[in-house]
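Here is what each chain is made of, one letter per residue.
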Amino acid sequence: MVADKRCENGHFIDESWDLCPYCPAEESEAEKIPIVRPSRFGSPDVRTAVPTTPAPPTTTRPAPAVPPPPTVRRDAAPVQAPPMERTVAAAKITSETPANKRYVVGWLIGLSGTSRGESFEVRIGRNVLGRDRRSDVVVNDDQASSHHADLVFRPEEKRFILMDHNSTNGTYVNEVEIEPRRDLVSKDVIRIGSQRFLFMPLCDEGFYWDDEGALK
């Protein structure tokens, strides 16, 4: 059953109720006021309404005073904000810059052992051959010294020169030991220990890098 009676505050209540249980009790109601409500068994159900204590008044704090804006003199120069700090990426200077870049001038091709079928770049200047892992051409052989030999390309002379670096077992070109250096030509076979490498030049008298990196 839907209640169709409303109190002064708009609450829906039963028609037999004389006071709205949802409205707060007035301050004058100091004593408990009986409220008559219908009972399921037909007889009125008398309950006692307990007066509610009114909530204390809300104290409103005054808003903090806002200071007035500073007075700006018309003849004063405008104040500029400090410049923003920015991180500027600087160009990294390395040995690979165009002025000092070591261009490829030839290759060594592995013919035996673990380097068989591998190619090693030969660049302008000195190229170290040896067992040391930091070498330009790593020779995986127990008979090779850590720094076994140097392969040097001189661009001003267009020459490839192989030089033994006081190795214990010597350096060979076409099975002939060099003492202590030898110019290389295309398809010379270099042997260090049991490892053999085929020399293939890129630059020669008619094909080389100039000072600006152009191939002529």
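That block above? That's the structure.
Please read these numbers as outputs of a predicted model, since none were measured by experiment. (Residues numbered from 1 in each chain as written. Predicted model: local features only at pLDDT ≥ 70, side-chain atom pairs only at ≥ 80, totals over all residues. Heavy atoms only, no water.)

It is worth spelling out the overall build of the protein chain at this point. A tally of regular secondary structure across the protein chain gives zero helices and 15 strands. When the 216 residues of the protein chain are sorted by exposure, 27% land in the buried category. Of the roughly 16,500 Å² of accessible surface on the protein chain, 52% is carried by carbon and sulfur atoms. (Helix = DSSP H or I, 4+ residues; strand = E, 2+ residues; numbered from the N terminus. Buried < 20%, exposed > 50% of the residue type's maximum accessible area, 1.4 Å probe, protein only. Areas by Shrake-Rupley, 256 points an atom, 1.4 Å probe, with all protein chains shown as cover.)

This part covers the side chain of Asp-188. Take Asp-188: it is sitting in the loop between strand E13 (181-183) and strand E14 (189-192). Although Asp-188 lies buried, it forms no salt bridge, and the closest oppositely charged side chain, Arg-182, sits 4.6 Å away as judged by the N-O distance. In terms of polar contacts, Asp-188 uses its side chain to reach the backbone amide nitrogen of Val-185, at 2.9 Å. Those residues in contact with Asp-188 that sit more than four places away from it in its chain are Val-173, Asn-174, Asp-183, Phe-197, Leu-198 and Phe-199. (Lys, Arg positive; Asp, Glu negative; His and termini not counted. Salt bridge = Lys/Arg side-chain N within 4 Å of Asp/Glu carboxyl O. Polar contact = N/O pair within 3.5 Å; in protein donor to acceptor, adjacent residues only side chain to side chain. Contact = heavy atoms within 4.5 Å.)

The final tally for this structure, using the stated rule, is six salt bridges. Two residues, Asp-132 and Arg-134, come together in a salt bridge whose shortest N-O distance is 3.1 Å. Residue Asp-132 is classed as partly exposed on the basis of its relative accessible area of 25%. For Arg-191, the salt bridge identified is with Glu-175, shortest N-O distance 3.1 Å.

Here Ser-135 shows up in the loop between strand E7 (125-130) and strand E8 (137-138). Residue Ser-135 is classed as buried on the basis of its relative accessible area of 11%. A distance of 2.8 Å separates a polar side-chain atom of Ser-135 from the backbone oxygen of Asp-132. Not counting residues within four places of it along the chain, the set of residues in contact with Ser-135 comprises Val-128, Leu-129, Gly-130 and Ser-146.

It is worth spelling out the packing of aromatic side chains at this point. Counting across every chain of the model gives three aromatic pairs. An angle of 40° between the planes, with centres 4.5 Å apart, marks the rings of Phe-153 and Phe-160 as tilted. What makes Phe-153 buried here is its relative accessible area of 3%. Here the aromatic cluster, defined as three or more aromatic residues joined through ring pairs, consists of Phe-153, Phe-160 and Phe-199. Of note, Arg-191 hangs over the ring of Tyr-172, and the distance from its end group to the ring centre comes to 4.3 Å. (Phe/Tyr/Trp six-rings, centres within 6.5 Å; stacked < 30°, edge-to-face > 60°. Lys NZ or Arg CZ within 6 Å of the ring centre and 35° of its normal.)

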